[in-house]
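Per-entry structural report
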Amino acid sequence: MMELSEKQADFVAATANFVQKTLKNAEGGHDWFHTQRVYKNAMLIAKGEKVDLFIVALGALLHDIADSKFYDGDETVGPKIAQDFLDQHKVEKRVTDHVILIIKNISFKGGNRAKEFDSTELQVVQDADRLDAIGAIGIARTFNYGGFKNRKLHDPEVKPRMDMDAETYKKSAAPTINHFYEKLLLLKDRMNTETARKIAEDRHKYMEGFLEQFYGEWEGSR
């Protein structure tokens, strides 16, 4: 992994500042602090991979600049905001194009979609984002978003769906607990890098323990 040049490091800092301002009123699970955690995860994972660190840094910082969930499902908004920002600062086209492809291809979207693009840089940023979706913070983010959407915590009559395509997944209004089975518990085995797989093990076990406790309390047996 090559280190950032001084000029690149300055631009990464400027990008972070731009993202922080842009997301100042964002929903708590997709705000600046989420982006900051993903960036830190990405920098950690990148240490064990042969990647362009500048692309990884920008991809991590800009990956959720406009999550489609908050724009009526419009997946073009985030890439456009990122493209305009990078073009405005005359970032090299090779870098900009790669970052935009990361933003367009990072999402889980039901987990059943064939990859349209792949790179080690995407894999690193994707792992970093997925790590923030599991463990204690993943649980907190899941219920925060469920509350934001006024969803039930749990409904035993509504079973998780494991066969959703991207559109069905995007429109799902299922109880929050279902999200653990439809996404969170699947992520451990979908990590791309060895570093992320190791981190995911502990976070996955924490979620399993939480669910065991949740169901015990739900049934009044704990």
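Look up a bit, the structure's there.
The structure reproduced in this document is the subject of the present report.

**Here we look at the overall build of the protein chain**
Counting secondary structure elements, the protein chain contains ten helices and zero strands. Listing every helix and strand of the protein chain by position from the N terminus yields α-α-α-α-α-α-α-α-α-α. Against the 2.2 N^0.38 benchmark of 17 Å for 222 residues, the protein chain shows a C-alpha radius of gyration of 18 Å, consistent with a compact globule. Counting only C-alpha atoms and orienting by the principal axes, one finds that the protein chain spans roughly 60 × 35 × 30 Å. A total of 222 residues make up the protein chain; the buried ones form 48% of that total. Long-range pairs, those at least 24 residues apart, make up 67% of the contacts in the protein chain with a sequence separation of at least 6. Per element, the accessible surface of the protein chain, about 11,800 Å² overall, is 50% carbon and sulfur. Mean positive and mean negative side-chain charge positions of the protein chain (33 and 36 charges, respectively) differ by 1 Å.

**Structural notes on the pattern of salt bridges**
Summed over all chains, the structure comprises eleven salt bridges. For Arg94, the salt bridge is made with Asp52, and the minimal N-O distance between the two is 3.3 Å. You can see Arg94 sitting in helix α5 (residues 93–105) and its partner Asp52 sitting in the loop between α2 (32–46) and α3 (53–62), a full 42 residues away along the chain. According to the relative accessible area criterion, Asp52 is partly exposed, its value standing at 23%.

**Focus: the packing of aromatic side chains**
Both the distance between ring centres and the angle between the ring planes are used here to describe each pair of aromatic rings. This structure, assessed with the given rule, holds ten aromatic pairs. With 5.6 Å between their ring centres and 20° between their planes, Phe11 and Phe85 make a pair best called stacked. One end of the pair, Phe11, is in helix α1 (residues 6–22); the other, Phe85, is in helix α4 (residues 77–88), with 74 residues separating them in the sequence. Both residues of the pair, Phe11 and Phe85, belong to the buried class. Members of the aromatic cluster, joined through ring pairs, are Phe143, Phe180, Phe210, Phe214, Tyr215 and Trp218.

**A closer look at the packing of α5 against helix α6 (residues 120–131)**
The contact between α5 and α6 brings their axes to 10 Å, and the two run at 45°. With respect to α6, the element α5 is oriented oblique. Between α5 and α6 lies a crossing of right-handed hand. Contacts from His98, Ile102 and Asn105 of α5 reach α6 at Glu121, Leu122, Val125 and Gln126.

Procedures and definitions
Residues numbered from 1 in each chain as written. Predicted model: local features only at pLDDT ≥ 70, side-chain atom pairs only at ≥ 80, totals over all residues. Heavy atoms only, no water. Helix = DSSP H or I, 4+ residues; strand = E, 2+ residues; numbered from the N terminus. Rg over C-alpha atoms; globule rule 2.2 N^0.38 Å. Buried < 20%, exposed > 50% of the residue type's maximum accessible area, 1.4 Å probe, protein only. Contact = heavy atoms within 4.5 Å. Areas by Shrake-Rupley, 256 points an atom, 1.4 Å probe, with all protein chains shown as cover. Lys, Arg positive; Asp, Glu negative; His and termini not counted. Charge placed at Lys NZ, Arg CZ, Asp CG, Glu CD. Salt bridge = Lys/Arg side-chain N within 4 Å of Asp/Glu carboxyl O. Phe/Tyr/Trp six-rings, centres within 6.5 Å; stacked < 30°, edge-to-face > 60°. Axes fitted to C-alpha atoms, helices over the stretch in contact; angles between N-to-C directions. Parallel < 35°, antiparallel > 145°, perpendicular 65-115°, else oblique. Left-handed = near helix turned anticlockwise from the far one by under 90°.

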